[in-house]
Amino acid sequence: MHHFTYKGNELHCEDVPVSRIAQDIGTPLYLYSHATLLQHFRAFDGAFSDVAHLTCFAVKSNSSLAILKLFAIEGGGADIVSGGELYRALKAGVDPKKIVYSGVGKTGEEIEYALRSEILMFNVESSQEINLLNEVAGRIGKRASIAIRVNPDVDPKTHPYISTGLKESKFGIEIERALEDYTVAAGLRHLRVAGVSCHIGSQLTQVSPFVDALGKLKVLIEKLRETGIAVQYLDLGGGLGITYDKEEPPHPDEYAEALKRELHAQDLTVILEPGRVITGNAGILVARVLYIKRSPEKTFIVVDAAMNDLIRPSLYGSYHAIQPVRRSERRMVKADVVGPICESTDFLAKNRETAVFEPTDLMAVMSAGAYGFSMSSNYNSRPRVPEVMGVGDRYFVIRSRETYEDLVRGENIPDFMGE
Ligand SMILES: *Cc1c(COP(=O)(O)O)cnc(C)c1O
């Protein structure tokens with residue numbers, strides 16, 4: 001469910017015509033629906049309301065301050081993977097006691113920043129990180145709460161680039177070795193063993209891999225108890241999928257029910273790290289058609305948005321639905337939707353059966369709220385596009401369009417090169 005719907009023939013974000021926003025602030029732009037974000041957060045968080053839990057929104061899926069603030073107001077926490085994300089989460093008012101820190105490559109500086117910020121827990125991913133964490137905590141007189149991110153070796157049956165819980169993955173510690181590492185960690189003075197964590201992948205459309213992973217984690221928790229290590233938190237990561245095209249992912253209720261059944265009266269606080277399922281269908285990328293190029297082989301719809309704005313199609317071959325902002329009776333064509341970037345992989349849609357577009361038409365690239373703006377770059381020296389939040393019949397620019405000055409901020413030409 002989302003609030004990007006046609007009223008008459010005009011695509012609206014809630015009660016605002018998308019064309020009006022595009023007219024006012026130019027294209028391309030990211031547009032989010034406040035009501036959709038709220039509804040998705042509440043549907044997910046609410047599905048766990050009858051168990052002790054904490055919903056830590058995965059900041060990397062959409063790092064906008066206004067969006068982080070929205071979930072903070074709803075009582076959500078944050079799952080972060082860098083010092084920069086910690087900075088954003090704190091700036092948006094997320095309670096540090098609701099922040100968990102994941103990632104295979106935390107630096108000493110980032111660890112110190114997180115310790116001083118008094119975050120809830122570090123999800124550690126290697127034995128060397130355990131030692132570094134203990135060392136940094138000792139040096140600054142803190143005690144770090146940790147969960148070991150274990151790799152449960154389950155196949156999430158998703159795109160290989162977004163699978164993270166298989167044996168050959170760089171993430172986590174093999175579940176067979178975790179017991180050893182827990183024993184070491186439990187003996188370190190500046191650490192407190194607080195939990196067990198995992199994250200098996202992204203865009204999962206079945207519940208069974210989640211249930212399998214949870215089953216394996218339960219066995220580990222039992223073994224830990226037997227050796228006298230009691231954990232309080234069970235962090236199941238994120239990964240619940242959404243509908244981009246014809247996928248039929250489980251509703252958060254179904255996902256929660258399956259997990260709760262498997263959990264069965266464990267005296268644990270469950271941590272969830274949803275990203276895509278909250279923001280994915282709550283945002284679109286709005287572009288304007290520049291040119292139609294026809295060759296004997298192909299039709300290309302050249303738009304003003306590109307792979308630097310939305311890299312998912314180029315990076316993963318992902319599908320995003322393409323919709324006209326103003327509907328009309330149109331012929332259908334098979335076309336590639338491409339951007340202005342000098343790369344053959346710069347496409348937003350490939351061999352797509354779509355309504356005919358004409359130059360100056362507005363186009364909506366759907367389901368772009370997760371891993372859209374947050375993965376954008378300045379490649380080809382393209383200023384990053386603005387982010388807008390639609391709220392009922394109003395809208396707010398939550399990030400301005402970058403300027404050319406923004407592009408060169410911090411750059412210097414060494415003096416020896418002259419003026
Ligand atoms: C990316 C990531 C998430 C969020 O994944 P989604 O598929 O967006 O829900 C959660 N936890 C960790 C550790 C991640 O790396």
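Please read all numbers here as calculations on a predicted model, not as lab measurements.

## Considerations on the overall build of the protein
If you tally the helices and strands in the protein, you get 12 helices and 21 strands. Each principal axis of the C-alpha atoms in the protein carries an extent, and together these give about 70 × 65 × 40 Å. Counting only residues that meet the buried cut, the protein has 54% of its 419 residues in that class. A sequence separation of at least 24 residues applies to 70% of the contacts in the protein between residues at least 6 apart. In the form shown here, the protein has an accessible surface area of approximately 18600 Å², with 50% of it arising from carbon and sulfur atoms. Across the protein, the centroid of the 47 positively charged side chains sits 2 Å from that of the 55 negatively charged ones.

## Quick word on the state of the cysteines
One pass over the full model with this rule turns up 0 disulfides. Of all cysteine sulfurs in the structure, the one in Cys-198 sits closest to Cys-56, which takes part in no disulfide; the separation is 14 Å. Relative accessible area serves as the criterion here: at 0%, Cys-56 is assigned to the buried category.

## Things to note about the domain arrangement of the protein
Annotation of the protein at the domain level lists domain 1 (4-31 + 280-408) and domain 2 (34-278). The partner domain 2 presents 22 residues to the 20 residues of domain 1 that form the contact. For the pair domain 1 and domain 2, the summed buried surface comes to about 1900 Å²; carbon and sulfur atoms form 56% of the total. The interface formed by domain 1 and domain 2 holds 0 salt bridges in total.

## Some thoughts on the environment of Arg-401
Among the structural elements, Arg-401 can be located in the loop between strand S21 (394-399) and helix H12 (404-408). Accessibility expressed as a relative area gives 28% for Arg-401, which makes it partly exposed. On a C-alpha basis, the gap between Arg-401 and Arg-42 in space is 30 Å, while along the polypeptide they are 359 residues apart. Ignoring sequence-local partners within four residues, the contact set of Arg-401 consists of Ile-25, Gly-26, Thr-27, Pro-28, Arg-384, Val-385, Pro-386 and Asp-406. A distance of 3.2 Å separates the side chain of Arg-401 from the backbone oxygen of Ile-25, its partner in a polar contact. Within polar-contact distance, the side chain of Arg-401 engages the backbone oxygen of Pro-28 at 3.1 Å.

## Points about the sheet that holds strand S2 (residues 10-13)
A sheet is described by the order of its strands in space; here 3 strands give the open sequence S1-S2-S3, paired in antiparallel fashion. Strands at the two margins of the open sheet, each flanked by one partner only, are strand S1 (4-7) and strand S3 (16-17). Sheet topology places S2 next to S3; 2 bridges connect them, and they run antiparallel. The residue of S3 that forms the bridge with Cys-13 is Val-16.

## Overview of the site of the ligand
Near the ligand lie 14 residues; those nearest to it are Lys-60, Ser-202, Gly-239, Glu-273 and Tyr-371. One of the side-chain N or O atoms of Glu-273 is found 2.6 Å from a nitrogen atom in the ligand. Residue Arg-276 places a main-chain N or O atom 2.8 Å away from an oxygen atom belonging to the ligand. Starting from 390 Å² of accessible surface for the ligand in isolation, the protein chains cover 94%. Of the residues belonging to the shell around the ligand, the class tally is 3 nonpolar, 6 polar and 5 charged.

## Notes on a nonpolar patch on the surface
Together, Ile-413, Phe-416 and Met-417 line one region of the surface with nonpolar side chains, adding up to about 410 Å² of accessible area. Structurally, the position occupied by Phe-416 is in the segment after H12.

## Brief notes about the layout of surface pockets
Estimates place the volume of the second largest pocket at around 330 Å³. Met-1, His-40, His-251, Pro-252 and Val-277 are the residues nearest the centre of the second largest pocket, which is lined by 14 residues in total. Of the residues forming the lining of the second largest pocket, the biggest block, 3 residues, is contributed by helix H2 (residues 34-46).

The rules behind each value
Residues numbered from 1 in each chain as written. Predicted model: local features only at pLDDT ≥ 70, side-chain atom pairs only at ≥ 80, totals over all residues. Heavy atoms only, no water. Helix = DSSP H or I, 4+ residues; strand = E, 2+ residues; numbered from the N terminus. Buried < 20%, exposed > 50% of the residue type's maximum accessible area, 1.4 Å probe, protein only. Contact = heavy atoms within 4.5 Å. Areas by Shrake-Rupley, 256 points an atom, 1.4 Å probe, with all protein chains shown as cover. Lys, Arg positive; Asp, Glu negative; His and termini not counted. Charge placed at Lys NZ, Arg CZ, Asp CG, Glu CD. Disulfide = S-S within 2.5 Å. Domains from an automatic or database assignment. Buried area = accessible area lost by both parts, 1.4 Å probe. Salt bridge = Lys/Arg side-chain N within 4 Å of Asp/Glu carboxyl O. Polar contact = N/O pair within 3.5 Å; in protein donor to acceptor, adjacent residues only side chain to side chain. Pairing = 2+ DSSP bridges. Near = heavy atom within 4 Å. Nonpolar A, V, L, I, M, F, W, Y, C, P; charged D, E, K, R; others polar. Patch = residues over 30% accessible without salt bridge, like charges linked within 9 Å, V, L, I, M, F, W, Y side chains within 5 Å. 1 Å grid on protein atoms, 1.4 Å probe; cavity = no way out; pocket = protein on both sides within 12 Å on 5 of 7 lines; lining within 4 Å. Points joined across faces, edges and corners; volume = space filled by probe spheres on them.

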